[in-house]
Amino acid sequence: VVSDKALLSKLRAYHILTDEEVEARFEQRPEPGVQVALLRVYRVEPPCRVAWQESFGGCRSWAEMDADLDSCTLVSVLSDERFEEIAAELRALFD
């Protein structure tokens, strides 16, 4: 949990939220702070179309899909080297 507001601006390059959204989330709970997680993102090759389902609606961390992805390959969006660089940068911010 990031409870030091001074760290928020240092994290700006590592997420897609606006400063206003981060500030709102920081102040959202009785004890101010935000969670930080480094995620490894993969794309599906070849691209796969998934039909929209009502269960996808709203704010979701993840959603179950009925798509058959067994014949697809997952390809990391970032190289291993770049991912490790970012991980090291983030660790340095919290040391």
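Before reading on, note that the structure itself is shown above.
Since the model is a prediction, treat every value here as computed from it, not as a measurement. (Residues numbered from 1 in each chain as written. Predicted model: local features only at pLDDT ≥ 70, side-chain atom pairs only at ≥ 80, totals over all residues. Heavy atoms only, no water.)

Notes on the packing of aromatic side chains
Reasoning step 1: Scanning the entire structure with this criterion turns up 1 aromatic pair.
Reasoning step 2: Note on Trp52 and Phe56: the rings are 5.5 Å apart at their centroids and 80 degrees apart in plane angle, and the pair reads as edge-to-face.
Reasoning step 3: The exposure class assigned to Phe56 is buried, which follows from its relative accessible area of 17%.
Reasoning step 4: One Lys or Arg, Arg40, reaches over the ring of Phe83 and ends 4.5 Å from the middle of that ring. (Phe/Tyr/Trp six-rings, centres within 6.5 Å; stacked < 30°, edge-to-face > 60°. Buried < 20%, exposed > 50% of the residue type's maximum accessible area, 1.4 Å probe, protein only. Lys NZ or Arg CZ within 6 Å of the ring centre and 35° of its normal.)

Some words on unusual backbone geometry
Reasoning step 1: That bond from Glu45 to Pro46 is cis: its omega, -10 degrees, falls within 30 degrees of zero.
Reasoning step 2: Inspection of the secondary structure assignment puts Pro46 in the loop between β1 (42-45) and β2 (73-76). (Helix = DSSP H or I, 4+ residues; strand = E, 2+ residues; numbered from the N terminus.)

Some points on the layout of surface pockets
Reasoning step 1: In this model, the largest pocket occupies a volume close to 1,100 Å³.
Reasoning step 2: Lining of the largest pocket is provided by 31 residues; of these, Tyr14, His15, Leu17, Gln35 and Ala37 occupy positions nearest its centre.
Reasoning step 3: At the level of secondary structure, the elements contributing two or more residues to the lining of the largest pocket comprise α1 (19-26) and α2 (80-94).
Reasoning step 4: Per-element accounting of the lining of the largest pocket gives the leading share, 4 residues, to α2.
Reasoning step 5: The computed volume of the second largest pocket comes to approximately 230 Å³.
Reasoning step 6: If you trace the second largest pocket, you find it lined by Val44, Cys48, Val50, Ser61, Trp62, Met65 and Leu69.
Reasoning step 7: Taken together, the residues that form the lining of the second largest pocket break down as 6 nonpolar, 1 polar and no charged. (1 Å grid on protein atoms, 1.4 Å probe; cavity = no way out; pocket = protein on both sides within 12 Å on 5 of 7 lines; lining within 4 Å. Points joined across faces, edges and corners; volume = space filled by probe spheres on them. Nonpolar A, V, L, I, M, F, W, Y, C, P; charged D, E, K, R; others polar.)

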